Amino acid sequence: MDIFGAPSQAVFGQLLIGLINGSFYALLSLGLAVIFGLLNIINFTHGAQYMMGAFVAYLLLNKLGVGYWWALLIAPLVVGFSGVLIERWMLSRLYKLDHLYGLLLTFGLALIIQGLFRNYYGSTGMPYAIPSQLSGGQNLGFMFLPNYRAWVIGASALICLTTWIVIERTRLGSNLRAATENAPLVQAFGVNVPRMVTLTYGFGVGLGALAGVMAAPIYQVNPQMGADLIVVVFAVVVIGGMGSIMGSIITGFSLGVIEGLTKVFYPEASNTVIFVIMAIVLLLKPAGLFGTQK
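None of the values given here were measured: they were computed from a predicted structure. All chains use their own residue numbering, which begins from 1 and follows the written sequence. Thresholds applied to this predicted model are a pLDDT of at least 70 for local features of residues and 80 or more for the giving and counting of side-chain atom pairs; totals over whole chains, interfaces and linings are not thresholded and use all residues. Side-chain metrics rest on all non-hydrogen atoms present in the structure, leaving aside hydrogens and water.

Participant: I keep staring at the overall build of the chain and nothing clicks. Help me out?
Facilitator: Here a strand is any run of E in DSSP of at least two residues, a helix any run of H or I of at least four, and the numbering for each starts at the N terminus. The secondary structure content of the chain amounts to eleven helices and four strands. Here the C-alpha radius of gyration of the chain, 19 Å, is about what a compact globule of 294 residues would show, namely 19 Å. Projected onto its principal axes, the C-alpha coordinates of the chain cover approximately 65 × 50 × 35 Å. A 1.4 Å probe rolled over the protein chains alone gives each residue an accessible area, and that area as a share of the maximum for its type sets the label: buried under 20%, exposed over 50%, partly exposed in between. In the chain, buried positions account for 50% of the 294 residues. A contact between two residues is defined here by any heavy atoms of the two lying within 4.5 Å. Taking as baseline every contact in the chain between residues at least 6 positions apart, the subset at least 24 positions apart corresponds to 76%. The globule rule used for comparison is 2.2 Å times the number of residues to the exponent 0.38, while the radius of gyration itself is calculated over C-alpha atoms.

Participant: Is there a simple way to think about the side chain of T200 in this case?
Facilitator: Here T200 shows up in helix α8 (residues 193-219). Here T200 falls in the buried class, since its relative accessible area comes to 7%. Think of a polar contact as two N or O atoms within 3.5 Å of one another; within protein, one of them needs to be a possible hydrogen donor and the other a possible acceptor, and neighboring residues in sequence only count if both atoms come from side chains. There is a polar contact of 2.7 Å between the side chain of T200 and the backbone oxygen of M196. Apart from residues no more than four positions distant in its own chain, T200 is found in contact with V34, L38, L39 and L176.

Participant: What exactly am I supposed to notice about α8 here?
Facilitator: Along an α-helix, residues three or four positions apart point the same way, because every turn accommodates 3.6 residues. Working rule for helices: expected span equals 1.5 Å times residues minus one. Its 27 residues place the ends of α8 38 Å apart at the C-alpha level, agreeing with the 39 Å of an ideal helix rising 1.5 Å per residue. For α8, the principal kink sits at V213 and spans about 25 degrees; a proline, P217, occurs within the next four residues. Along α8, 22 of the 27 residues are buried, which leaves the element largely enclosed by surrounding structure. At the exit of α8 stands Q220, carrying a positive phi of roughly 70 degrees. Axes are fitted to the seven residues ending at a residue and to the seven starting at it; the angle between these axes is taken as the bend at that residue.

Participant: It is not clear to me how the pattern of salt bridges should be interpreted in this structure. Could you clarify?
Facilitator: Two side chains of opposite charge can pair, provided their charged atoms sit close to one another. The term salt bridge refers to a side-chain nitrogen of Lys or Arg lying within 4 Å of a carboxyl oxygen of Asp or Glu. Evaluated as defined, the whole model comprises one salt bridge. Where R88 meets E87, a salt bridge forms, and the shortest distance between an N and an O atom there is 2.9 Å. By relative accessible area, R88 is classed as partly exposed at 37%. We classify E87 as buried; its relative accessible area is 0%.

Participant: Help me understand the nonpolar core in this model?
Facilitator: One recurring pattern in soluble globular proteins is that nonpolar side chains are buried together. By nonpolar core we mean a set of buried residues, namely Ala, Val, Leu, Ile, Met, Phe, Trp, Tyr and Cys, connected to one another through side-chain atoms within 4.5 Å. Judged by nonpolar contacts, the single largest core of 87 residues is most densely connected at F24, Y128, Y201, M214, V221, I245 and I274. Element by element, the count of residues in this core is highest for helix α1 (residues 8-39), at 15 residues. When residues no more than four places from it in sequence are discounted, the contact partners of I274 are Y25, V232, A235, I239, L255 and E259.

Participant: Where do I start with the environment of G31 in this structure?
Facilitator: Topologically, G31 is positioned in helix α1. For G31, a relative accessible area of 0% gives the class buried. For the pair G31 and G206, spaced 175 residues apart in the sequence, the C-alpha separation amounts to 7.9 Å. Apart from residues lying up to four places away in sequence, G31 is in contact with H46, G204 and L207.

Participant: It is not clear to me how empty space enclosed by the protein should be interpreted in this structure. Could you clarify?
Facilitator: If you roll a probe as big as a water molecule over the atoms, it shows you where there is empty space left. Buriedness of a pocket was judged along seven lines, with at least five required to meet protein on both sides within 12 Å; pockets are open sets of points on a 1 Å grid over the protein atoms alone, cavities are sets where a 1.4 Å probe fits but cannot get out, and lining residues have an atom within 4 Å of a point. Grid points are joined across faces, edges and corners, and a volume is the space filled by probe spheres set on the points. Across all of its chains, the model carries one cavity of 30 Å³ or more by this definition. One number sums up the size of the largest cavity: a volume of about 40 Å³. Considering the residues around the largest cavity, the lining is formed by L32, A33, F36, I41, I42, N43, F234, V237 and M242. By the convention adopted, Pro, Cys, Tyr, Trp, Phe, Met, Ile, Leu, Val and Ala count as nonpolar, Lys, Arg, Asp and Glu as charged, and the other residues, Gly among them, as polar. The residue makeup of the lining of the largest cavity, split by class, is eight nonpolar, one polar and no charged.

Participant: Honestly, the packing of aromatic side chains in this entry has me stumped. Any pointers?
Facilitator: Geometry of an aromatic ring pair is reported as the spacing of the ring centres plus the angle between the planes. For Phe, Tyr and Trp, rings pair up if their centres lie within 6.5 Å, where Trp contributes its six-membered ring, and each pair is then called stacked (planes under 30 degrees apart), edge-to-face (over 60) or tilted (otherwise). Counted by the stated rule, this structure contains eleven aromatic pairs. Pairwise contacts between aromatic rings join Y68, W69, Y128, Y148 and W151 into one cluster.

Participant: Which parts of the structure should I look at to understand the environment of A183?
Facilitator: Tracing the chain through its elements places A183 in helix α7 (residues 183-188). A residue is classified by how much of its surface remains accessible, and A183, at 26% relative accessible area, is partly exposed. Sequence separation of A183 and V193 is ten residues, and the distance between their C-alpha atoms is 6.7 Å. Those residues in contact with A183, other than ones at most four positions away along the chain, are A178 and V193.

Participant: Any chance you could explain helix α2 (residues 46-63) here in plain terms?
Facilitator: Taking 1.5 Å as the rise per residue, α2 with 18 residues should run 26 Å; its terminal C-alpha atoms sit 25 Å apart, in good agreement. The buried fraction of α2 amounts to 14 of the 18 residues, a majority that puts the element mostly inside the structure. The first or second residue beyond α2 is G65, which carries a positive phi of 75 degrees.

Participant: Which parts of the structure should I look at to understand a nonpolar patch on the surface?
Facilitator: Each patch groups residues whose relative accessible area exceeds 30% and which form no salt bridge, using 9 Å between like charges and 5 Å between nonpolar side chains of Val, Leu, Ile, Met, Phe, Trp and Tyr. In these tables, accessible area is a Shrake-Rupley quantity obtained with a 1.4 Å probe, and a residue counts as shielded only by the protein chains included in the view. There is a patch of nonpolar side chains on the surface, built from F81, L85, W89 and M90 and spanning about 430 Å² of accessible area. With respect to the helices, strands and loops of the structure, L85 is situated in helix α3 (residues 68-89). Accessibility expressed as a relative area gives 30% for L85, which makes it partly exposed.

Participant: Help me understand the environment of L176, please; the structure alone is not making it clear to me.
Facilitator: Inspection of the secondary structure assignment puts L176 in helix α6 (residues 171-181). Once the C-alpha coordinates of L176 and T200 are considered, the two residues, 24 residues apart in sequence, prove to be 8.4 Å apart.

Spelled out as structure tokens, the structure:
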């Protein structure tokens, strides 16, 4: 059976790949949106921190025998703690300066981190086994759905939705959003704003590391895995609206699907379709689809 002239198996296969890529776009852009929306930091280190999450999972398995499920908890905590140190020792000194200084600092840190991992581990990807509980797949009749890929899509959607609820519907989220508007007033009510800012940055970094752990069995562990993805993720954030939590989630999943379907119907444009969409959105709505003009 054909769908608009393309074999149905190819369409559904690319739709699955698009949802997988969209899951990682959504998780990574969510972390970026949390950091930028609440702290006004353009975190170019995010791709390197995503890669660090995959490497922490790899090292836990190969050096300590700690498997995938524990890595999902440990890797975000370890990489998130490194983010806390970066925020306290470096970024906190730049808050009163132009955003460009923070961007340059995080860009430089990304190059340093990627260079260190590349020098030590080389550029060859290293395999990371799928956990035995998620091996195999389901025959849906029209396509074969691997269990691990279904898990990634479902877990990413759940994490993104939970993060949105915490930020938009809880007292903690209210304090965070209020602190971005008037930090001295929030601090006057007894809220430790500097600590909250530090933990928020660590949380955003931890989201990137979590995405890295989930990506390791699919894309292999490679020092360049973050560098190859971060430019696309920044485009997703710009399209959704810088700092928009829900915009990052919806745009991440949607653009992953669009990119996947483009590979079926117009493969020549598959590598540029997201950037074409970004250019169109910026022309029509400079603040992004879900952003607000300030």
